[in-house]
Amino acid sequence: MQQELLASLPLRLYAICALLLALKMMAVALATGSLRMRRRVFASPEDYRFQGLDASAQRDPAIERARRAHRNDLENVLPFLAVAPLYALSGASDAGAWLCFAGFTTARILHTIFYLTGAMPHRTVAYAIGFFLTLWMIVSSAWSLLR
Amino acid sequence: MQQELLASLPLRLYAICALLLALKMMAVALATGSLRMRRRVFASPEDYRFQGLDASAQRDPAIERARRAHRNDLENVLPFLAVAPLYALSGASDAGAWLCFAGFTTARILHTIFYLTGAMPHRTVAYAIGFFLTLWMIVSSAWSLLR
Amino acid sequence: MQQELLASLPLRLYAICALLLALKMMAVALATGSLRMRRRVFASPEDYRFQGLDASAQRDPAIERARRAHRNDLENVLPFLAVAPLYALSGASDAGAWLCFAGFTTARILHTIFYLTGAMPHRTVAYAIGFFLTLWMIVSSAWSLLR
């Protein structure tokens, strides 16, 4: 029965996009960790002790940037992971699923690249595309569920 | 088969509440963005450059408040979006689903309003209602799954 | 039909681990709230007024530590809650589900304990185990879905 669930194109596409988005978020975590090691700026005093360094309260602009990109993912990618399967289950067309899921995933991968490189207004455009695709999925699912 | 999944009242109600809660979180994001434009306080130096302003390190209390409300949603609404479908799937009654899903959604919408307007102890009461409904869903689902 | 969904061992195990992880995140929230009351350090000015205290801008190291542990959960546990059901639905073996779900849950419970007690490198080891189990679930699910 489970295999059946992922047999429909919208849910299968959702699954692939969700895996890609989770991978992308892990890449941001790796980038933050690697910056912390190279810049030797950590969040907790025991991290400095473990590296044999004096605790420092300084903040690094590149690390703070990666953390903002990560938080933006928490605020946008995680709600997508709840909304998108409901959109798929409430009778999305294959074309709608392609547009919303592949579109959102592309927009969010670009958003991270634009955030980490400080590219404006590109970052805002990528954010807005993800935002409006999520909004569209919510409205469209609610319409299917409530009519 | 998918349509079947959302045909049961608890899962259908979950879907509608999840869409509402995602919409509510997006409203907080919009409020933060709109405050940033009006107060001209941004998170990244390239945002200041894009607006033709000098980068400023100042923090705005209203923006920080909206960000706290948003983070509180990440900490509470997102776990609900994982716990509630398990509660629905583990044999919730229609009445239980109504109480938990509509109750949580109402509590969290009020929580945001109370947070943004600084209404205490109302904010803490709304938070506690959401917290205990989540706790109840966890205990009740675990009971169904493990007995 | 829903009962059927949670009848398979991988999904049933996912459900129990997801409930445990949500409970663990709520415990961190309780720890933060309890520290705030004892240390009398709050996030919003109305909280100080409600306690009859003067607003203070000070930060408490123990509270900031609990908040970092909580944010680390948002960044790692929440993506797990989206990835793990896809891993279960894409044909995980019972042994794979046991290893990944029970392993991840144990690693994240230990991660919180190590974070709150400042135990290094234990915290990083627990983090890495959760990270690689998530990565393994993503790769393994994508392989099943795309081949």
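As the structure is a computational prediction, the values presented were derived from the model and not from experiment. (Residues numbered from 1 in each chain as written. Chains lettered and ligands numbered in written order. Predicted model: local features only at pLDDT ≥ 70, side-chain atom pairs only at ≥ 80, totals over all residues. Heavy atoms only, no water.)

### Details of the relation of the copies chain B and chain A
Which entries qualify depends on this criterion: Least-squares fitting of one copy onto the other uses the C-alpha atoms of those residues that reach a pLDDT of at least 70 in both copies. Two residues form a contact once any of their heavy atoms are found within 4.5 Å.
Once chain B has been moved 0.0 Å along the axis and rotated by 120°, it coincides with chain A to within an RMSD of 0.0 Å. Taken together, these values place the two copies in the relation of a three-fold axis. Taken as a fraction of all interface residues of chain B, those also at the interface in chain A reach only 20%, which identifies the copy contact as different-surface.

### Quick look at the nonpolar core
Rule in force here: As used here, the term nonpolar core means buried Ala, Val, Leu, Ile, Met, Phe, Trp, Tyr and Cys residues forming a set that is joined through side-chain atoms within 4.5 Å. Buried, partly exposed and exposed residues are distinguished by accessible area as a fraction of the type maximum, computed with a 1.4 Å probe on protein chains only: under 20%, between the cut-offs, and over 50%, respectively.
Core analysis: the biggest nonpolar cluster contains 108 residues, and Phe 80 and Phe 101 of chain A, Phe 80 and Phe 101 of chain B together with Phe 80 and Phe 101 of chain C have the highest contact counts within it. Discounting chain neighbours no more than four positions away, the residues touching Phe 101 of chain A are Pro 10, Leu 13, Tyr 14, Cys 17, Phe 80, Ala 84, Tyr 87, Ala 88 and Met 137 of chain A.

### Section: the relation of the copies chain B and chain C
For these two chains of identical sequence, chain B goes onto chain C by a turn of 120° and a shift of 0.0 Å along the axis, with RMSD 0.0 Å. Here only 18% of the interface residues in chain B have copies in chain C that are interface residues too; the copies meet through unlike faces.

### Things to note about the packing of helix α4 (residues 61–89) of chain A against helix α2 (residues 9–39) of chain B
Let me state the cut-off plainly: Fitting a line to C-alpha atoms yields each axis, with helices limited to the stretch in contact; the angle taken between N-to-C directions then spans 0 to 180 degrees. What counts as a helix is a DSSP run of H or I of at least four residues, what counts as a strand is a run of E of at least two, and both are numbered from the N terminus. Angles are sorted into four bins: roughly parallel if under 35 degrees, roughly antiparallel if over 145, roughly perpendicular if 65 to 115, and oblique for all others. By the definition used in this description, the sense in which the near helix is turned from the far one sets the handedness, with an anticlockwise turn below a right angle giving left-handed and a clockwise turn giving right-handed.
Relative orientation of the contacting elements α4 of chain A and α2 of chain B amounts to 140°, with a least axis distance of 10 Å. Between α4 of chain A and α2 of chain B, the crossing angle belongs to the class labelled oblique. Viewed along their axes, α4 of chain A and α2 of chain B form a crossing whose handedness is left-handed. Contacts from Pro 79, Val 83 and Leu 86 of chain A of α4 of chain A reach α2 of chain B at Tyr 14, Ala 15, Ala 18, Leu 19, Ala 22 and Met 25 of chain B.

### Remarks on the interface of chain B and chain A
One widely used convention gives an interface's size as the accessible area the parts lose upon coming together. What counts, and what does not: The buried area of a pairing is the accessible area, by a 1.4 Å probe, that goes missing from both parts when the two are put together, added over both. Salt bridges are counted wherever a side-chain nitrogen of Lys or Arg sits within 4 Å of a carboxyl oxygen of Asp or Glu. Counting of polar contacts relies on pairs of N or O atoms within 3.5 Å, with two restrictions inside protein: one atom must be capable of donating a hydrogen and the other of accepting it, and residues adjacent in sequence are counted only when both atoms are side-chain atoms.
Facing 30 residues of chain B, the contacting portion of chain A comprises 34 residues. Each partner contributes to the roughly 2700 Å² buried at the junction of chain B and chain A, and carbon and sulfur atoms together form 72% of this total. Linking chain B with chain A are three salt bridges, by the criterion used here. Between the two partners, chain B and chain A, sit seven residue pairs in polar contact (both at pLDDT 80 or more).

### Some remarks on the interface of chain B and chain C
Test applied: Residue polarity is assigned by list, with Asp, Glu, Lys and Arg as charged and Ala, Val, Leu, Ile, Met, Phe, Trp, Tyr, Cys and Pro as nonpolar; anything else, Gly included, falls into the polar class.
Counting residues at the interface gives 34 residues for chain B and 30 residues for chain C. For the pairing of chain B and chain C, the buried interface totals around 2800 Å² over both sides, and the portion due to carbon and sulfur atoms is 72%. Where chain B packs against chain C, one counts three salt bridges. Between Glu 46 of chain C and Arg 123 of chain B there is a salt bridge, and its shortest N-O distance comes to 3.4 Å. Here chain B is connected to chain C by seven residue pairs in polar contact (both at pLDDT 80 or more). Put simply, the parts of the chain that give the side of chain B that touches chain C at least two residues each are α1 (2–5), α4 (61–89) and α6 (122–146) of chain B. Class assignment of the residues belonging to the side of chain B that touches chain C gives a composition of 20 nonpolar, seven polar and seven charged.

### Considering the packing of aromatic side chains
Inclusion rule: A pair of aromatic rings is counted whenever rings of Phe, Tyr or Trp (Trp by its six-membered ring) have centres within 6.5 Å, and the orientation is called stacked for planes under 30 degrees apart, edge-to-face for over 60 and tilted otherwise.
Enumeration according to the criterion identifies 24 aromatic pairs over all chains in this entry. Geometrically, the ring pair formed by Tyr 87 of chain A and Phe 101 of chain A is edge-to-face, given 5.9 Å between the ring centres and 80° between the ring planes. Taken together, the residues span a long stretch of sequence, with Tyr 87 of chain A in helix α4 and Phe 101 of chain A in helix α5 (residues 94–117) at a distance of 14 residues. Owing to a relative accessible area of 5%, Tyr 87 of chain A belongs among the buried residues under this scheme. Considering the side-chain rings of Tyr 14 of chain C and Phe 101 of chain C, the 6.2 Å spacing of their centres and the 70° angle between planes classify their relative orientation as edge-to-face. Of this pair, Tyr 14 of chain C sits in helix α2 (residues 9–39) while Phe 101 of chain C sits in helix α5 (residues 94–117); the two residues are 87 residues apart in sequence, bridging distant segments of the chain. Comparing Tyr 14 of chain C with Phe 101 of chain C shows no difference in burial state: the two are buried.

### What about a nonpolar patch on the surface?
Spelled out, the test is: In this analysis, a patch consists of residues with relative accessible area above 30% that form no salt bridge, clustered at 9 Å for like charges and at 5 Å for the nonpolar side chains Val, Leu, Ile, Met, Phe, Trp and Tyr. Per-residue and other accessible areas were derived by the Shrake-Rupley procedure at a 1.4 Å probe size, with only the shown protein chains allowed to occlude residues.
Taken together, the side chains of Ile 109, Leu 110 and Ile 113 of chain A make up a nonpolar region of the molecular surface, amounting to roughly 220 Å² of accessible area. Counting through the fold element by element, Leu 110 of chain A comes out in helix α5.

### Notes on the state of the cysteines
In plain terms, the rule: Two cysteine sulfurs form what is called a disulfide whenever their separation falls within 2.5 Å.
Applying the stated criterion across every chain, the model contains zero disulfides over all chains. Left unpaired, Cys 100 of chain B is separated from the closest cysteine sulfur, that of Cys 17 of chain B, by 10 Å.

### Section: the environment of Arg 49 of chain C
Relative to the helices and strands, Arg 49 of chain C is located in helix α3 (residues 45–50). For Arg 49 of chain C and Met 120 of chain C, which are 71 residues apart along the polypeptide, the C-alpha to C-alpha distance reads 38 Å.

### Let's talk about the pattern of salt bridges
Residue and element names in this part refer to chain A. Within the structure shown, the criterion is met by 27 salt bridges over all chains. Between Asp 73 and Lys 24 there is a salt bridge whose closest N-O contact spans 2.5 Å. Placement of Asp 73 in helix α4 and of Lys 24 in helix α2 (residues 9–39) is noted, with a sequence separation of 49 residues between them. Of the residues examined, Lys 24 reaches a relative accessible area of 9% and is grouped as buried.

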